[in-house]
Amino acid sequence: MAKTSLKNILRINIGAFILVAILEIMSNLVILDKFETTYSFYMSGITYTVYIMGVIWMNHFIFIPYFLDKKKYVPYILLLLATIFVASSIKAYGKSWTSVYKISFFLLYTTGSGMAAFFLRRNLLFKRENEEKEKLQKEMELKYLKEQVNPHFLFNSLNSIYALSRQSSPETPDLVMQLSELMRYQLESSKKDKVLLKEEIEFIENYLLLEEKRLSNRCHIEFVIKGDIKELKIAPMLLIPFVENAIKHGAQSTNQQSTIDISVTIEHNSLHFCAVNSKPNVTPIAKREGLGLENVKRRLNLLYPNAHVLDIANLEDTYKVNLTISLVDIK
């Protein structure tokens with residue numbers, strides 16, 4: 001990394017030296033008749049380039065990092081002006097003070113232009129580094145959040161199977177197989193950044209069928225899909241926490257008759273997801289939102305910034321989740 005950076009610095013500064021030399025030589029074309037030989041013509045431009053770049057390099061590699069960046073403004077200004085004055089005096093040696101002043105102002109102008117280019121490039125590099133750090137941080141956080149979904153979903157599913165096994169239900173073996181299919185999809189989708197929306201909806205539908213068998217007749221589950229799914233894609237396991245939440249804090253938390261209504265609507269490349277579940281008459285005092293919902297909220301903010309709207313209404317007898325995601329950019 002250090003060798004690559006050094007090569008870039010050398011390449012940029014050699015290129016800058018050549019560019020300034022060309023500009024100086026071209027500017028001398030208007031006074032070409034004042035030079036006795038071709039050699040003196042070219043040497044004049046190159047000599048000016050050495051003074052210009054010499055002051056710029058001292059400013060960039062010594063004065064700025066050791067004085068300006070450390071907020072030693074007075075020493076920085078004095079050293080820079082002194083360097084410009086010394087360089088001008090050497091270049092105008094044997095000439096009048098007027099020549100020294102002219103060269104000083106010229107070097108001050110070129111140094112200022114060099115500083116503008118220096119700070120512009122440095123700010124661009126800082127911005128790029130910050131963007132790379134933010135991207136890496138985002139990827140690490142998303143990976144962590146995605147890994148959290150796996151044990152959370154497995155824990156809830158095993159609880160469902162355990163409840164049926166205690167009832168000695170003859171459907172338990174079939175449900176275990178059904179759960180294995182769900183887990184296979186989950187493990188495969190967790191390796192991807194996006195999956196087909198159609199597959200994700202099928203996964204939710206199969207999960208609801210499993211829960212409907214476990215809950216028997218004490219919960220009515222309605223699952224409606226509207227619109228053309230096409231080839232739209234979505235982040236995997238993004239909607240299932242809302243479904244789990246509706247079951248866990250609705251039908252699972254009471255022996256009373258309960259309802260769960262879930263709808264998925266596709267309209268103009270946008271996904272509208274709605275989950276409504278009835279609440280038991282006696283609501284537990286514990287906090288409604290657990291790890292699953294906090295996780296999915298964070299994932300939504302990271303994956304769909306400014307492209308989603310999440311509205312959660314915790315009413316007296318129902319709990320309602322409305323989510324809209326624009327999928328137009330990830331088709």
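Just so it is clear, the structure is predicted and the values come from calculations on it, not from any experiment.

Undergrad: Now, about the overall build of the protein chain: what can you tell me, with residues and values included?
TA: If you tally the helices and strands in the protein chain, you get eight helices and seven strands. In the protein chain, which comprises 331 residues, the proportion classed as buried is 37%. Across the protein chain, every contact between residues at least 6 apart in sequence was considered, and the portion connecting residues at least 24 apart equals 71%. On the protein chain, roughly 20,300 Å² of surface is accessible, and the fraction owed to carbon and sulfur atoms is 60%.

Undergrad: For the sheet that holds strand β5 (residues 270–278), give the residues involved together with the corresponding values.
TA: Sheets are built from strands paired through backbone hydrogen bonds, the pairs being either parallel or antiparallel. If you walk across this open sheet you meet the five strands as β2-β4-β5-β7-β6, and the pairing is mixed. In this open sheet, the two strands that pair with only one neighbour each are β2 (219–226) and β6 (308–314). Across this sheet, the average inter-strand angle for adjacent strands is 5 degrees, counted without regard to direction. The sheet contact formed by β6 and strand β7 (residues 318–326) spans seven bridges and is antiparallel. Residue alanine 313 lies in a different strand from β7, and its bridge partner there is lysine 320. Against the sheet, helix α6 (residues 197–215) touches β2, β4 (258–267) and β5, its axis set at about 165 degrees to β2.

Undergrad: Which residues make up the side chain of threonine 111, and what are the values?
TA: Its location among the elements puts threonine 111 in helix α4 (residues 97–166). The exposure class of threonine 111 is buried, given its relative accessible area of 1%.

Undergrad: Got a sec to walk through the nonpolar core? Specific residues and values, please.
TA: Leu197, Ile234, Val243, Leu271, Phe273 and Ile325 are the most contacted members of the largest nonpolar core, which has 45 residues in total. For this core, the secondary structure elements donating two or more residues are α5 (172–189), α6, β2, α7 (240–248), β4, β5, α8 (291–303) and β7. By residue number, the principal contributor to this core is α6, which donates eight residues. Among all residues touching leucine 271, those that are not within four sequence positions of it are Leu197, Ile234, Leu239, Val264, Thr265, Ile266, Leu323, Thr324, Ile325 and Leu327. Ile56, Leu68, Leu80 and Ala87 belong to the second-largest nonpolar core, a separate cluster that totals 17 residues.

Undergrad: Kindly report on helix α2 (residues 38–68), identifying the contributing residues and their values.
TA: In this model, α2 (31 residues) spans 41 Å end to end at C-alpha, consistent with the 45 Å of a helix rising 1.5 Å per residue. Along its length, α2 reaches its greatest deviation from straightness, about 40 degrees, at asparagine 59.

Undergrad: Could you give an account of the pairing of β4, naming the residues involved and the relevant values?
TA: With burial as the criterion, only one face of β4 is covered, namely that bearing Ser258, Ile260, Ile262, Val264 and Ile266; the residues Thr259, Asp261, Ser263, Thr265 and Glu267 on the opposite face remain uncovered. Pairing between β4 and β5: eight bridges, direction antiparallel. Within the sheet, the bridge partner assigned to isoleucine 262 lies in β5 and is alanine 275. Counted along the chain from β4 to the antiparallel partner β5, the turn is two residues long, and its residue histidine 268 has a positive phi close to 55 degrees.

Undergrad: Which residues make up a nonpolar patch on the surface, and what are the values?
TA: Together, Ile77, Leu81, Phe85, Val86, Ile90, Trp97, Tyr101, Phe105 and Leu108 make up an exposed nonpolar region whose accessible area comes to about 950 Å². Contributions of two or more residues to the nonpolar patch are made by α3 (73–91) and α4. Take the nonpolar patch: its biggest share by element is five residues, from α3. Here phenylalanine 105 shows up in helix α4.

How each quantity is defined
Residues numbered from 1 in each chain as written. Predicted model: local features only at pLDDT ≥ 70, side-chain atom pairs only at ≥ 80, totals over all residues. Heavy atoms only, no water. Helix = DSSP H or I, 4+ residues; strand = E, 2+ residues; numbered from the N terminus. Buried < 20%, exposed > 50% of the residue type's maximum accessible area, 1.4 Å probe, protein only. Contact = heavy atoms within 4.5 Å. Areas by Shrake-Rupley, 256 points an atom, 1.4 Å probe, with all protein chains shown as cover. Pairing = 2+ DSSP bridges. Axes fitted to C-alpha atoms, helices over the stretch in contact; angles between N-to-C directions. Core = buried A, V, L, I, M, F, W, Y, C linked by side-chain atoms within 4.5 Å. Expected span 1.5 Å × (residues − 1). Bend = angle between axes of the 7 residues up to and from the residue. Patch = residues over 30% accessible without salt bridge, like charges linked within 9 Å, V, L, I, M, F, W, Y side chains within 5 Å. Salt bridge = Lys/Arg side-chain N within 4 Å of Asp/Glu carboxyl O.

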